[in-house]
Amino acid sequence: MRPDYRARIARLNPAINAMMDDTQDTIGAGLCWTAKSNIAVKGLQLTAGCEAYRSRIASEDAEVIARIRSSGGAVLGTVNMHEGALGATTDNEAYGRTRNPWNLDYTPGGSSGGSGAAVAAGLCDVALGTDTMGSVRIPAAYCGVQGHKPTTDVVPDGGGSPLSTSLDHVGPLARDVETLWRAMHVLAGWGDDAKLEPISLSKLKIGVWTGDGDVTLTPADQSGFEAAVAQVRNAGAELKSVSPPRYDYSKSRRAGLLISEGEGAKEHGVTETGPRPNGLSDMFYSLLHWGTRQTSEKVEAAYAHIEDVHQATSSVWQDVDFILAPTAPQEAFRFEDQVPANQADFTAWADFARLPATSVYTGLSAQTLPLSLQVIGPESKDRETLQVAAALEALFGKPPMPPGYEW
């Protein structure tokens, strides 16, 4: 029986502050969706998490929303996000803090934190997020759900308020891989809703990316990832250590942020010497303004580095079929803690290299916080990546509901 999502939203959302604005869509046989607040839903606020756009109402649906409604799906409303999609905590100055259902003192991640929290709390079947350097997969990991970052251009990303026009990807978060599969058929316009058939892990050559000692994992993430990889090995997969070619953690991180902040500045009307737009927080404005002050040589070098990472990626697939990596180097953390600088070091590569990547729940830490890994596939192999994710989900088990949020 389908859950009464609107009743659950009324009962559970006040504690987590995930839902922002709601529709009157009739719930039918299709999936029930929510959308990040930077994706246009006709008649609802299109805030992008910014006070500046509180009164902006979307006049048309984004293409992904139109596809959802054409498929018979219902859009329940929009969800909270980190301001401008540039941040890691979804501690939003204008619209409030979205809390992680696993522990209300902990962040759900960012920037699609409302999407992760809404799915984890059982407020929808699918939530749409946007992923620039990991913003679908990291909230999925922190909130203990599954999330898919599509191959670049597989899912349309127009009709909203982007952070980065060159790096943003719209992607779904859901409680299980089968629902991600159904969601991607709608979002990517694949047409037939073919049954999801997991790929046998025993037939695969799988690369294992650990960070090579350059990315420090928390003890819980380290032991959780090692245990998950051991299960994959025991399932018969042939494993090999790999590292993304031309991808340098510090250099690549800086390049992605420079591009995001420069393109974000154009989206929000921030210039180097012009007046400050109203309604942007001090932090968000300072990040965008920094982007406007970078030299053309630095900007060109950042774009060149990202393209170099993309072009070099093809060599990886000569030796392996798919790659496993931690989703993030840490579990969810307290709002009061310092944001880890390495948070997106494992996720950003798929954005830069234009690859499909699915975050998959692997279990709970001793502190009862979700753990996760991601499976990364070759460009345009979204279906196959989801099929491997389904095989992994069968190994690790489907994500449980957080205590107090059971059906």
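## Some words on the overall build of the chain
Okay, so step 1: Within the chain one finds 11 helices and 13 strands.
Okay, so step 2: Taken over the C-alpha trace, the chain has a radius of gyration of 19 Å; the compact-globule value for 407 residues is 22 Å, and the two agree within 12%.
Okay, so step 3: Reported as C-alpha extents along the three principal axes, the dimensions of the chain are approximately 55 × 55 × 40 Å.
Okay, so step 4: The burial tally for the chain puts 60% of its 407 residues in the buried class.
Okay, so step 5: Considering only residue pairs separated by 6 or more positions, the chain has 75% of its internal contacts joining residues 24 or more positions apart.
Okay, so step 6: Entry remark: accessible area of the chain is about 15500 Å², with carbon and sulfur atoms responsible for 48%.
Okay, so step 7: Seen as two clouds, the 34 positive and the 49 negative side-chain charges of the chain have centres 2 Å apart.

## Considering the environment of Val75
Okay, so step 1: Along the chain, the position of Val75 falls in strand E3 (residues 74–79).
Okay, so step 2: Along the chain, Val75 and Pro139 lie 64 residues apart, while their C-alpha atoms are 20 Å from each other.
Okay, so step 3: The contacts of Val75, once residues within four sequence positions are left out, are Thr23, Asp25, Trp33, Val41, Ile65, Ile68 and Arg69.

## What to know about the sheet that holds strand E9 (residues 205–208)
Okay, so step 1: Pairing is mixed in the open sheet, where 11 strands are placed in the order E1-E3-E2-E6-E8-E7-E12-E13-E11-E9-E10. In this open sheet, the two strands that pair with only one neighbour each are strand E1 (19–22) and strand E10 (238–241). Each neighbouring strand pair of the sheet contributes to a mean axis angle of 30°, computed without reference to strand direction.
Okay, so step 2: Contacts from helix H3 (residues 113–120) reach strand E2 (32–36), E3, strand E6 (126–131) and strand E8 (169–174), with the element oriented near 155° to E6.

## Examining unusual backbone geometry
Okay, so step 1: Cis geometry marks the peptide bond from Gly110 to Ser111, where omega comes out at 0°.
Okay, so step 2: Considering the arrangement of structural elements, one finds Ser111 in the loop between strand E5 (96–97) and H3.

## Looking at the nonpolar core
Okay, so step 1: Ranked by internal contacts, the top residues of the largest apolar core, which has 50 residues, are Trp33, Val64, Ile65, Leu128 and Leu392.
Okay, so step 2: Ignoring any residue separated from it by four or fewer positions in sequence, one finds Leu392 in contact with Leu201, Val232, Leu324, Val360, Leu373 and Val375.
Okay, so step 3: By size, the runner-up hydrophobic cluster in this structure holds 36 residues, among which are Tyr142, Ala325, Ala344 and Leu355.

## Description of helix H9 (residues 296–312)
Okay, so step 1: The end-to-end C-alpha distance of H9, which contains 17 residues, comes to 24 Å, matching closely the 24 Å that a straight helix rising 1.5 Å per residue would cover.
Okay, so step 2: If you check which residues of H9 are buried, you get Ala302, His305, Ile306, Val309, His310 and Ala312.
Okay, so step 3: Its buried side turned inward, H9 meets helix H7 (249–267) and helix H10 (348–353).

## Section: the pattern of salt bridges
Between side chains of opposite charge, a pair can form when the charged atoms approach closely.
Okay, so step 1: Scanning the entire structure with this criterion turns up 15 salt bridges.
Okay, so step 2: Notably, a salt bridge pairs Arg54 with Glu51, separated by 2.8 Å at the nearest N-O pair.
Okay, so step 3: With relative accessibility at 34%, the residue Arg54 sits in the partly exposed group.
Okay, so step 4: Among the salt bridges present, the one from Asp345 reaches Arg253, with a minimum N-O distance of 2.9 Å. Within this pair, whereas Asp345 is found in the loop between strand E11 (322–326) and H10, its partner Arg253 is found in helix H7, the two being separated by 92 residues in sequence.
Okay, so step 5: Several salt bridges share partner residues, and in doing so they unite Asp25, Asp61 and Arg69 into one network.

Scoring rules and cut-offs
- Residues numbered from 1 in each chain as written.
- Predicted model: local features only at pLDDT ≥ 70, side-chain atom pairs only at ≥ 80, totals over all residues.
- Heavy atoms only, no water.
- Helix = DSSP H or I, 4+ residues; strand = E, 2+ residues; numbered from the N terminus.
- Rg over C-alpha atoms; globule rule 2.2 N^0.38 Å.
- Buried < 20%, exposed > 50% of the residue type's maximum accessible area, 1.4 Å probe, protein only.
- Contact = heavy atoms within 4.5 Å.
- Areas by Shrake-Rupley, 256 points an atom, 1.4 Å probe, with all protein chains shown as cover.
- Lys, Arg positive; Asp, Glu negative; His and termini not counted.
- Charge placed at Lys NZ, Arg CZ, Asp CG, Glu CD.
- Pairing = 2+ DSSP bridges.
- Axes fitted to C-alpha atoms, helices over the stretch in contact; angles between N-to-C directions.
- Core = buried A, V, L, I, M, F, W, Y, C linked by side-chain atoms within 4.5 Å.
- Expected span 1.5 Å × (residues − 1).
- Salt bridge = Lys/Arg side-chain N within 4 Å of Asp/Glu carboxyl O.

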